[in-house]
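Residue-level structure breakdown
Read off the chains here:
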Amino acid sequence: MAKRNQLKRLQSQRSAQLKRMIKPTDNRLKAEDRLAPKKKKKASDTELKVMEKPQVSSAMFFQYNTQLGPPYHILVDTNFINFSIKNKLDIIKTMMDCLYAKCIPYVTDCVVGELEKLGPKYKLALRIIKDPRFERINCMHRGTYADDCLVQRVTQHKCYIVATNDKDLKRRIRKIPGVPIMNVALNRYVIERMPDAFEPMAKK
């Protein structure tokens, strides 16, 4: 009995809701609303479709980056400097041994800021990057998170090789076409994703 009463109650509630709904013949409805909604016309094949695509850098010729070549411009990350010190590697000399060409290391303001924040343990790293052979790049953004800065810079300018041992940063850089990565491995520098024209020079 209880179930039947519950069903009757639900049915009466539904019928009450249906009665409340405005009928198509109701005087309150305008003539426009009484008409059945028109079906949207399918866009014809002749109409032009607008598609948004990110602009490809003018330096990229298919998978080949025309802006890469000696002298190499290398963006240096914080942990790359620290790994080089741990492995007792002279940064500029080892870079030249790896690429068999002149290399110009670049350090951004946020990389310097990160090293300064790390404290007195990293005084040697700060002294190394203040070498006049290291080029300084001024950052216009706020904060000192170097990874975002480096990714943004190599996305805009395809002339750099990124020197880093950070796994997350390497994963992000690999998604950007035409940007090689340099890292410290087996007590030397290793280069990956170099263009075919320069690969023999890097692997000798």
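Residues numbered from 1 in each chain as written. Predicted model: local features only at pLDDT ≥ 70, side-chain atom pairs only at ≥ 80, totals over all residues. Heavy atoms only, no water.

Overview of the pairing of strand S4 (residues 103-108)
Across the six residues of S4, six count as buried, placing the element largely inside the fold. The side-chain alternation of S4 yields two buried faces, one formed by Cys103, Pro105 and Val107 and the other by Ile104, Tyr106 and Thr108. Both strand S3 (residues 72-76) and S4 contribute to a ladder of four bridges, which runs parallel. In the strand pairing of S4, isoleucine 74 is matched with proline 105. (Buried < 20%, exposed > 50% of the residue type's maximum accessible area, 1.4 Å probe, protein only. Helix = DSSP H or I, 4+ residues; strand = E, 2+ residues; numbered from the N terminus. Pairing = 2+ DSSP bridges.)

Section: the sheet that holds strand S8 (residues 188-192)
In spatial order, the strands read S5-S4-S3-S6-S7-S8; together these six strands make up an open sheet with mixed pairing. Of all the strands in the sheet, just strand S5 (135-137) and S8 have a single pairing partner and so form its edges. Direction aside, neighbouring strands of the sheet carry axes that sit 35° apart on average. Packed on one face of the sheet, helix H5 (residues 109-117) meets S3, S4 and S5 and runs near 65° to S4. Across the face of the sheet, helix H8 (residues 167-174) comes into contact with strand S6 (160-163), strand S7 (181-185) and S8 while running at roughly 150° to S7. (Axes fitted to C-alpha atoms, helices over the stretch in contact; angles between N-to-C directions. Contact = heavy atoms within 4.5 Å.)

Structural notes on the pattern of salt bridges
It is possible for side chains bearing opposite charge to pair when their charged atoms get close. Under the defined criterion, the tally for this structure stands at six salt bridges. Two residues, aspartate 97 and lysine 93, come together in a salt bridge whose shortest N-O distance is 3.4 Å. Here the residue aspartate 97 and the residue lysine 93 both occupy positions in helix H4 (residues 91-99), the gap between them amounting to four residues, near one helical turn. Residue aspartate 97 is classed as partly exposed on the basis of its relative accessible area, which comes to 46%. What makes lysine 93 exposed here is its relative accessible area of 51%. (Salt bridge = Lys/Arg side-chain N within 4 Å of Asp/Glu carboxyl O.)

Details of the side chain of threonine 164
Relative to the elements of secondary structure, threonine 164 occurs in the loop between S6 and H8. If we skip the residues at most four places from it in the chain, threonine 164 touches Asp77, Asn79, Phe80, Leu169, Lys170, Ile181, Met182 and Asn183.

Some words on the packing of helix H3 (residues 78-86) against H5
Packing of H3 against H5 brings their axes to within 9 Å, and their N-to-C directions diverge by 60°. Here H3 is positioned oblique relative to H5, judged by the angle of their axes. Taking contact as the criterion, the partners of Thr78, Ile81 and Asn82 in H3 are, on H5, Val111, Glu114 and Leu115. Tallied by class, the residues present in the contact of H3 with H5 amount to three nonpolar, two polar and one charged. (Parallel < 35°, antiparallel > 145°, perpendicular 65-115°, else oblique. Nonpolar A, V, L, I, M, F, W, Y, C, P; charged D, E, K, R; others polar.)

Focus: unusual backbone geometry
As a rule of thumb, non-glycine residues mostly have phi less than zero, and peptide bonds are mostly trans rather than cis. Note that the residue after proline 70, namely proline 71, is joined by a cis bond; omega there is -5°. In this fold, proline 71 is placed in the loop between strand S2 (64-65) and S3. Unusually for a residue other than glycine, tyrosine 100 sits at a positive phi of about 55°. With respect to the helices and strands, tyrosine 100 occurs in the loop between H4 and S4. The backbone of leucine 186 shows a phi angle near 55°, a positive value even though the residue is not glycine. Among the structural elements, leucine 186 can be located in the loop between S7 and S8. The class for leucine 186 is exposed, based on a relative accessible area of 76%.

Some remarks on the confidence of the model for the chain
For the chain, mean pLDDT is 79; residues scoring 70 or higher make up 73% of the total. Note on residues 197-204: pLDDT is under 50 here. Beyond four places in sequence and across chains, it has 15 contacts. (pLDDT = per-residue confidence, 0-100.)

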